[in-house]
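If you want the building blocks of each chain, they are given just below.
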Amino acid sequence: MSGLRKRRAAVLISGRGSNMLSLIEAAEAPDYPAEIVAVISNRADAAGLSRAAAAGIATAALDHRAFPDRPSFDAELDRLLRAHGAEIVVLAGFLRILTDGFVRAWEGRMINIHPSLLPAYKGLHTHERALADGATQHGCTVHHVVAELDSGPIIAQAAVPVLPGDTPETLGRRVLAEEHRLFPAALADLARTLPGAEPAS
Ligand code: GAR
């Protein structure tokens, strides 16, 4: 493979890390345009941390409860990301609100996956809410992160049907399978088109 410089992506998680794993696996392909340089969790007990370590990826736990406020947590997160030379930040089930300053610094370089067809069902419990509404379609969205929650420009979406007898679990599994396909493809698109090497300081 000639001339491919893999862009350096860090993944932020809070839990099991199945999307993170789909990114790590995709990035193992020689022609994938990004490499996963670190996985950082705000919870030390996140199952995804050991899954990342088992895949040979550098990991860090940054317990938000050890910081007096959001800006000080975000400042340390920013420092850690830069120490790893991250050019792209990927939120993969990172269930923590980021400050406007942090979001601005990484704008255009930070993406999130959300388990709904945005703008429908921002926030939590998306599968329950889609079922309660009698929705016939549901899905997932990868979007740029902006200050307002689940509201940035959409990069890619995948839809699944809602089937008779679906529960939040069966519907959630169908959506998650699409997340695992969509997220690596969206990260690859961003990595291929990302201008410049450095995030704003
Ligand atoms: C995923 O379904 C992701 O879309 C969702 O959390 C789950 C994390 O699972 N994210 C959000 O709800 C963000 N608002 P994972 O840890 O197995 O990837």
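Within each chain, residues carry numbers counting from 1 in the order of the written sequence. Residues qualify for local features only when their pLDDT is at least 70, as the model is predicted, and side-chain atom pairs are given and counted only at 80 or more; totals for whole chains, interfaces and linings, by contrast, use all residues. Only hydrogens and water are set aside; all other atoms, that is, all heavy atoms of the structure, feed into the side-chain values.

**What to know about the pattern of salt bridges**
Put simply, a salt bridge is a Lys or Arg side-chain nitrogen that is within 4 Å of an Asp or Glu carboxyl oxygen. Within this structure, the stated rule accounts for 10 salt bridges. In this structure, R174 and D166 form a salt bridge, with 2.7 Å as the shortest nitrogen-oxygen distance. For R174, a relative accessible area of 22% translates into the label partly exposed. The buried category is assigned to D166, whose relative accessible area is 14%. For the salt bridge of R192 with D189, the shortest nitrogen-to-oxygen distance reads 3.5 Å. With R192 and D189 both in helix α6 (residues 168–193) and 3 residues apart, the pair spans about one turn of that helix. Relative accessible area decides the class of each residue, using a 1.4 Å probe on protein chains only: under 20% of the type maximum gives buried, over 50% gives exposed, and in between gives partly exposed. For the purposes of this entry, the term helix denotes a DSSP run of H or I that reaches at least four residues, the term strand denotes a run of E that reaches at least two, and both are numbered from the N terminus.

**Brief notes about the site of the ligand**
Summary of the distance rule: residues count as near a molecule or strand when at least one heavy atom falls within 4 Å of that molecule or strand. Taken together, R16, G17, S18, N19, G93, L95, I113, H114, P115, L176 and E179 form the complete shell of residues around the ligand. Within the side chain of R16, a nitrogen or oxygen atom sits 2.4 Å from an oxygen atom of the ligand. Definition of a polar contact: a pair of N or O atoms within 3.5 Å, with one able to donate and the other able to accept a hydrogen when the atoms are protein atoms, and with sequence-neighbouring residues admitted only if both atoms are side-chain atoms. Between H114 and the ligand, the recorded distance is 3.2 Å, taken from a side-chain N or O atom to a nitrogen atom. Taking 450 Å² as the accessible area of the ligand by itself, protein coverage stands at 85%. Taken together, the residues that form the shell around the ligand break down as 4 nonpolar, 5 polar and 2 charged. The Shrake-Rupley method, run with a 1.4 Å probe sphere, supplies the accessible areas, and residue values consider only the shown protein chains as cover. When residues are sorted by character, Ala, Val, Leu, Ile, Met, Phe, Trp, Tyr, Cys and Pro go into the nonpolar class, Asp, Glu, Lys and Arg into the charged class, and all the rest, Gly among them, into the polar class.

**A closer look at the pairing of strand β4 (residues 88–91)**
Side chains I88 and V90 of β4 all project onto a buried face; the interleaved residues V89 and L91 project onto the opposite face, where all are buried too. Pairing between strands requires that DSSP locate at least two bridges from one strand to the other. Of the pairings in the sheet, the one linking strand β1 (residues 7–13) to β4 comprises 4 bridges and is parallel in character. Counted as the bridge partner of A9 is I88 from β4. When β4 meets strand β5 (residues 110–114), the two strands line up parallel, connected through 3 bridges. Each residue of the ladder has a partner; that of V89, found in β5, is M110. When the strands point away from the viewer, a crossover counts as right-handed if the route from the first strand across the helix to the second turns clockwise. With helix α4 (residues 100–105) bridging β4 and the parallel β5, this β-α-β connection has right-handed handedness.

**Here's the deal with the packing of aromatic side chains**
What characterises a pair of aromatic rings is the spacing of the ring centres plus the angle enclosed by the ring planes. Ring geometry is summarised as follows: Phe, Tyr and Trp rings, the Trp one being its six-membered ring, pair when their centres sit within 6.5 Å, and such pairs are stacked at plane angles under 30 degrees, edge-to-face over 60 and tilted between the two. In total, this model carries 2 aromatic pairs according to the counting rule given. Between the aromatic rings of F67 and F73, the centroid separation amounts to 5.6 Å while the plane-to-plane angle is 80°, which identifies the pairing as edge-to-face. Judged by relative accessible area, F67 falls into the partly exposed class, the value being 23%. Ring-over charges, as used throughout, are those where CZ of Arg or NZ of Lys falls within 6 Å of the ring centre and within 35 degrees of the ring normal. Note that R96 overlies the ring of F73, its terminal NZ or CZ placed 5.0 Å from the centroid.

**Considering the packing of helix α1 (residues 18–27) against helix α2 (residues 47–54)**
Interhelical geometry of α1 versus α2 gives an angle of 15° and a closest axis separation of 9 Å. Considered as vectors, α1 and α2 are oriented roughly parallel to each other. Considering how the two elements wind past one another, α1 and α2 form a crossing that is right-handed. Judged by residue contacts, S18, M20, L21 and I24 of α1 engage G48, R51 and A52 from α2. Note on geometry: axes are C-alpha line fits, over the in-contact stretch for helices, and angles between N-to-C directions span 0 to 180 degrees. Throughout this description, any angle smaller than 35 degrees is read as roughly parallel, any larger than 145 degrees as roughly antiparallel, any in the 65 to 115 degree range as roughly perpendicular, and the remainder as oblique. Crossing handedness: left-handed means the near helix sits turned counterclockwise from the far one by under a right angle, and right-handed means the same turn made clockwise. Should any heavy atoms of two residues lie within 4.5 Å, those residues are counted as being in contact.

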